[in-house]
Every structure is written in C-alpha cells, then in structure tokens.
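What the coordinates show
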Amino acid sequence: MDDQQIVREGLVSLLDLMDDIEVVGDAADGAEAVRLVGVTSPQVVLMDLRMPGMGGAEATRKILSEHPDVAVLVLSTFADDESLVAALNAGACGYLTKDANQEQIAVAIRSSAHGQSTFDPAVTRRLAAALSVPAVPAAATNQAQQPPPAVAPARRRVNPDGLTGREVDVLKLIAQGLSNGEIASSLFIEETTVKTHINNAFAKINARNRADAVRYAYQQGLAQP
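Residues numbered from 1 in each chain as written. Predicted model: local features only at pLDDT ≥ 70, side-chain atom pairs only at ≥ 80, totals over all residues. Heavy atoms only, no water.

**A few points about the nonpolar core**
The line we're drawing: Only buried Ala, Val, Leu, Ile, Met, Phe, Trp, Tyr and Cys residues count toward a nonpolar core, and they belong to the same one when joined by side-chain atoms within 4.5 Å. Buried means the residue's accessible area, taken with a 1.4 Å probe over protein chains only, is under 20% of the maximum for its type, while exposed means over 50%, and partly exposed covers the values in between. Note on conventions: DSSP H or I runs of at least 4 residues are helices, E runs of at least 2 residues are strands, and numbering of each starts at the N terminus. Contacts are assigned to residue pairs with any non-hydrogen atoms lying within 4.5 Å of each other.
Core analysis: the largest hydrophobic core is formed by 34 residues, its most contacted members being Y95, L163, L171, I174 and I183. Those elements that provide at least two residues to this core are α4 (81-90), α8 (165-175), α9 (180-187), α10 (191-205) and α11 (210-219). Beyond its immediate sequence surroundings of up to four residues, I174 is in contact with I183, I198, F202, R210, A213 and V214.

Structure follows, in structure tokens:
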C-alpha cells in the first residue's frame, strides 16, 4: 500500500520474483487498503504510513480491528519517533525503511506471516530511545540536605505482571528481534517450550503480537537500547 504508483509497481515486480510470495493486490491510499483487505484476505499487508486521505497508521488500526489475523508490516521512508510509535500503537508487527533491499523485505514478509516481528536496526534504536523510561532528575527528589539513608539488605527484583524469570528472558530476546528458533537455541530449550512461554507472557502483559511485546520490554526496562 503506497500512494506512489512507481513504488507500488516496483514492489509488486520485486515480490513476484519470490516463489513463496503471492501479491493479491495493491492500493494507493489507506481507505482502499482497508477495502482491499476485506476482498482479498491477505496474510500480510505491506503498509506505507504517509498517504493522502486515510494514513497508514489509521488504516492499520482499521484493518486489524476488522481482520485481527492479518499482519501489517510497515515499509516507510520515515523512521521518526512519531511515525514509529503511531504505527506500533496501531498494531503493526514490524517496521522497515525503504532503504531495505529485496531480501530484507522478503524475509520480513515471511516472518510477519509466521507471527514474528522484524524491525530495521535504525528503527530498533529509535524505538528503544522513544520507549525507554527517563530517569527522574536528581533535583526533583530535593534530598540534597537529607542525611544518608540506612543501608538495607538488597532486595530481589520482582518481575512485572507476574512474569516468570524464563518469560522475562524470552521477552528480552524478542525485543532483540530473535525468532522462536533462535530463542530456543539461545536458552537451550525446545522451540515448543518457547511458544508456551510466549503465550503465557503475552496473556500476562496483554500483548497482541511481538510488536506489543517489544514495546512492553522497553517500557518495563527489560530490554536496553
């Protein structure tokens, strides 16, 4: 979905070269994208953000509200904080810039079709910066004149939302962009076990997809830029 015809035609030609990817339609604006998804029932929608009329973020939100099983992958010229956060809040499962090459786009589409997230490295860095919780300024505490506190025994960190240690480990690796197979190899567990941890973690944190999980991991400080 892109408002520039030459870009749409180029993407269609590129994707038609892939034996395992079938292009079922293309649209020039968000409203047409929403209509087309209802007609063609695709697995993955490749979405631009800035289009005339209904933009990509709004179109993504409408598509997912009507077709929750569809994965929306953003492919945009822009990677600013506003565009990125708007896309993820709308439910996009991944975000690439138009600097991505043919193989990167194809891999991202395949990953999206299997429920995995793909983020351009530059986008990941911006996402981390945008979602990291800023530290409270020391001046705000107004404790300069206070006596030093008594030293208390170190307390074990309590994971948020009742997550187990292993679920936290899995969320950290999801935030790094690892697939289920890569997570399994990193943690020396079976891929089916990874899927169980993901399902349990997603239920606890109310994540609809891996993009939600990435956002949660950064917001809770489980992942670092």
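**Considering the side chain of H197**
With respect to the helices, strands and loops of the structure, H197 is situated in helix α10. For H197, the contacting residues outside a window of four places in its chain are R166, E167, V170 and I189.

**Comments concerning the pattern of salt bridges**
Convention followed: A pair is scored as a salt bridge if a Lys or Arg side-chain nitrogen falls within 4 Å of a carboxyl oxygen belonging to Asp or Glu.
For the structure shown, the criterion picks out six salt bridges. With a shortest N-O distance of 2.6 Å, D20 and R110 are connected by a salt bridge. Placement of the pair is D20 in the loop between α1 (5-16) and α2 (30-40) and R110 in helix α5 (residues 102-113), with a sequence separation of 90 residues. A residue is classified by how much of its surface remains accessible, and R110, at 28% relative accessible area, is partly exposed.

**Concerning the packing of α8 against α11**
Counted only if it meets this: The axes are straight lines fitted to the C-alpha atoms, using for helices just the contacting stretch, and the angles between their N-to-C directions are given from 0 to 180°. Angles are sorted into four bins: roughly parallel if under 35 degrees, roughly antiparallel if over 145, roughly perpendicular if 65 to 115, and oblique for all others.
It is at 9 Å that the axes of α8 and α11 come closest, and there the two elements cross at 105 degrees. In terms of orientation, α8 lies roughly perpendicular with respect to α11. Across from L171, I174 and A175 in α8, the residues of α11 making contact are R210, A213, V214, Y216, A217 and Y218.

**Focus on the pairing of strand β1 (residues 44-47)**
Within a regular beta strand, the side chains point alternately toward one face of the sheet and then the other, so they alternate between its two faces. Threshold: Two strands pair under a simple rule: DSSP has to find at least two bridges between them. The crossover handedness rule: strands pointing away from the viewer, path from first strand over the helix to second strand clockwise, crossover right-handed.
Where burial is concerned, the two faces of β1 agree: the one with V44 and L46 and the one with V45 and M47 are both buried. By the bridge criterion, four bridges tie β1 to strand β2 (residues 71-76) in an arrangement that is parallel. Of the residues in β2, the one forming a bridge with M47 is V74. For the crossover from β1 across helix α3 (residues 56-66) to β2, the handedness is right-handed.

**Structural notes on α2**
Basically, it comes down to this: Read the arc as the range of directions from the helix axis to the C-beta atoms. Polar contact criterion, stated in full: a pair of N or O atoms within 3.5 Å, where within protein one must be able to donate a hydrogen and the other to accept it, and residues adjacent in sequence count only if both atoms are side-chain atoms.
By the burial criterion, the buried members of α2 are G30, A33, V34, L36 and V37. Buried positions in α2, seen along its axis, are confined to an arc of 170 degrees and lie on one side of it. As for α2, its buried residues are in contact with β1 and α3. Where α2 starts, the residue carrying a side-chain oxygen 3.2 Å from the main-chain nitrogen of A31 turns out to be D29.

Read these as layout, nothing more, since geometry by itself doesn't imply function.
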